[in-house]
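# Chains, contacts and geometry: an overview
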Amino acid sequence: MPTPSDRGAPPDGQPIEPIRVLRPRRTDALAELLKDLPPRGAVGYESIALPGPPSEAEDATEELPPVRDHDRTRRTRDIPRGRVPGLRRTAIAAAVIAAAVIGFGCALLLAGRGESTAEAAPQPTATASATPTPPSTAGATDPDGPGTLREGDNGPEVTDLQERLLRIPNVYDNGSTDGTYDTTLTAAVARFQVWYGIRGDEDGVYGDDTRRDLESRTGGG
């Protein structure tokens, strides 16, 4: 029984390689077939003559009638003599513009005449403006009423105020009674108004409300 050869050992002899067989093409047979075909004529285009215009077309064409001279004269007669088309509109526009310009000028003239009349109006004479006016009293202009005392005043009324404030404890301690309404007296009056809730007068101003409350506490004057 034969034993197989070893797989790793190369086979004995040379290996068989594939062989490619080339066969020549027979072109002579195709040439013979083409020779047997009948010859074809040259291919061309057939020329066709275009039909001409029909003879009736010229007969159907109608010529326009010539313009006669009397039609032209009729058209010129329709336009009135002395008038040009569009002249009426131009005249109306010119009249409107002229009216507007005249109205504007009249308005300017009236305005200038009014200004000149106002300037020529009689001015009040010096005697009328120099009429003496009655002097206004201090009580009428003072918002706190007549007899109001404020910083800068002096006199016996200020002295009376200082003496009354000295009777109120801790309001005007060791204050002066020289009759001058100075800053110290102003502070004392303001302090009295705050402590006793007096709100009718300005702060530090001895008005009617402050006078009434102080006289009620120190006895009538």
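Here the residue index of a chain counts from 1 through its sequence in written order. Local features in this predicted model are restricted to residues of pLDDT 70 or higher, and side-chain atom pairs are both shown and tallied only at a pLDDT of 80 or more, whereas totals for entire chains, interfaces and linings draw on every residue. The side-chain values count all of the structure's non-hydrogen atoms but skip hydrogen atoms and water molecules.

### Focus on the overall build of the protein
We apply this condition: Strands here are runs of E lasting at least two residues and helices are runs of H or I lasting at least four, both read from the DSSP assignment and numbered beginning at the N terminus. Categorising residues by exposure relies on relative accessible area from a 1.4 Å probe, with only protein chains included: less than 20% of the type maximum marks a residue as buried, more than 50% marks it as exposed, and the intermediate range marks it as partly exposed. The contact criterion used is simple: two residues touch if any of their non-hydrogen atoms lie within 4.5 Å.
Helix and strand content of the protein: 9 helices and 0 strands. N-terminal to C-terminal, the α/β element order of the protein is α-α-α-α-α-α-α-α-α. Taking all 221 residues of the protein together, 15% fall into the buried category. For the protein, the share of sequence-separated contacts (at least 6 apart) that also reach a separation of at least 24 residues comes to 47%.

### Some remarks on a nonpolar patch on the surface
Note the following rule: Patch rule: a residue counts if its relative accessible area is over 30% and it has no salt bridge; like charges are joined within 9 Å, and nonpolar side chains (Val, Leu, Ile, Met, Phe, Trp, Tyr) within 5 Å. Calculation of accessible area relied on Shrake-Rupley with a 1.4 Å probe; when residues are assessed, cover is drawn exclusively from the protein chains displayed. The term salt bridge refers to a pairing of a side-chain nitrogen on Lys or Arg with a carboxyl oxygen on Asp or Glu at a separation within 4 Å.
On the surface, Leu 30, Leu 33, Leu 34 and Leu 37 cluster together into a nonpolar patch covering about 440 Å² of accessible area. Mapped onto the fold, Leu 33 is located in helix H1 (residues 28-36).

### Considerations on the environment of Tyr 206
Inspection of the secondary structure assignment puts Tyr 206 in the loop between helix H8 (183-195) and helix H9 (208-218). Measuring from C-alpha to C-alpha, the distance between Tyr 206 and Gly 147 comes to 8.6 Å, with 59 residues separating the pair along the chain. Each residue touching Tyr 206, except ones within four places of it in the same chain, is listed here: Gly 147, Thr 148, Leu 149, Leu 161, Arg 164, Tyr 181, Val 189, Arg 211 and Leu 214.

### A closer look at the packing of aromatic side chains
How we decide: When two rings of Phe, Tyr or Trp (its six-membered ring) have centres within 6.5 Å they constitute a pair, described as stacked for plane angles under 30 degrees, edge-to-face for angles over 60, and tilted for the intermediate range.
Evaluation of the coordinates by the stated rule reveals 1 aromatic pair. Arranged with centres 4.9 Å apart and planes meeting at 40°, the rings of Phe 192 and Tyr 196 form a pair that is tilted. Residue Phe 192 is classed as buried on the basis of its relative accessible area, which comes to 1%.

### Some points on H8
The cut-off we apply is this: For a helix, the expected span equals 1.5 Å multiplied by the number of residues minus one. The directions considered for the arc run from the helix axis to the C-beta atoms.
A rise of 1.5 Å per residue sets the reference length of H8, with its 13 residues, at 18 Å; its end C-alpha atoms lie 18 Å apart and thus fit the reference within 8%. For H8, the complete set of buried residues consists of Leu 185, Thr 186, Ala 188, Val 189, Phe 192 and Gln 193. The buried residues of H8 occupy one face: seen down the axis, they fall within an arc of 160°. Pointing more than 90 degrees away from the buried face of H8 are the exposed residues Thr 183 and Val 194. Where the residues of H8 are buried, they touch helix H7 (156-166) and H9.

### Structural notes on the pattern of salt bridges
This model, assessed by the stated rule, comprises 3 salt bridges. Between Arg 164 and Asp 160 there is a salt bridge; the shortest N-O distance is 3.0 Å. Of this pair, Arg 164 and Asp 160 both sit in helix H7, 4 residues apart, roughly one helical turn. In this structure Arg 164 comes out as buried when scored by relative accessible area, which is 3%.

### A word on unusual backbone geometry
Phi at Asn 170 is positive, roughly 60°, even though this residue is not glycine. Tracing the backbone through its elements, the reader meets Asn 170 in the loop between H7 and H8. For Asn 174, which is not glycine, the phi dihedral falls at a positive 55°. Mapped onto the elements of the fold, Asn 174 is located in the loop between H7 and H8.

### Regarding the nonpolar core
Soluble globular proteins: nonpolar side chains tend toward being buried together. As a reminder of what qualifies: Buried Ala, Val, Leu, Ile, Met, Phe, Trp, Tyr and Cys residues that are joined via side-chain atoms within 4.5 Å together make up what is termed a nonpolar core.
Core analysis: the largest hydrophobic core is formed by 15 residues, its most contacted members being Leu 161, Leu 165, Tyr 181, Leu 185, Phe 192 and Leu 214. Per-element accounting of this core gives the leading share, 4 residues, to H8.

### Observations regarding the side chain of Gln 162
Relative to the helices and strands, Gln 162 is located in helix H7. For Gln 162, a relative accessible area of 0% translates into the label buried. Apart from the residues within four sequence positions on either side, Gln 162 is in contact with Tyr 172, Ser 176, Thr 177, Asp 178, Gly 179, Thr 180 and Leu 185.

### Remarks on the packing of H7 against H8
The criterion, for reference: Axes here mean lines fitted to C-alpha atoms, for a helix over just the part in contact, with angles spanning 0 to 180 degrees between N-to-C directions. The cut-offs work like this: below 35 degrees is roughly parallel, past 145 is roughly antiparallel, 65 to 115 is roughly perpendicular, and the gaps in between are oblique. A crossing counts as left-handed when the near helix is turned anticlockwise from the far one by less than a right angle, and as right-handed when that turn is clockwise.
Remark: H7 packs on H8, axes separated minimally by 11 Å, with the N-to-C direction vectors making an angle of 55°. Compared by their axis directions, H7 and H8 come out oblique. You can see that H7 and H8 cross each other, and the crossing is left-handed. Note on element contacts: H8 touches H7 through Leu 185, Ala 188, Val 189 and Phe 192, opposite Val 158, Leu 161, Gln 162 and Leu 165.

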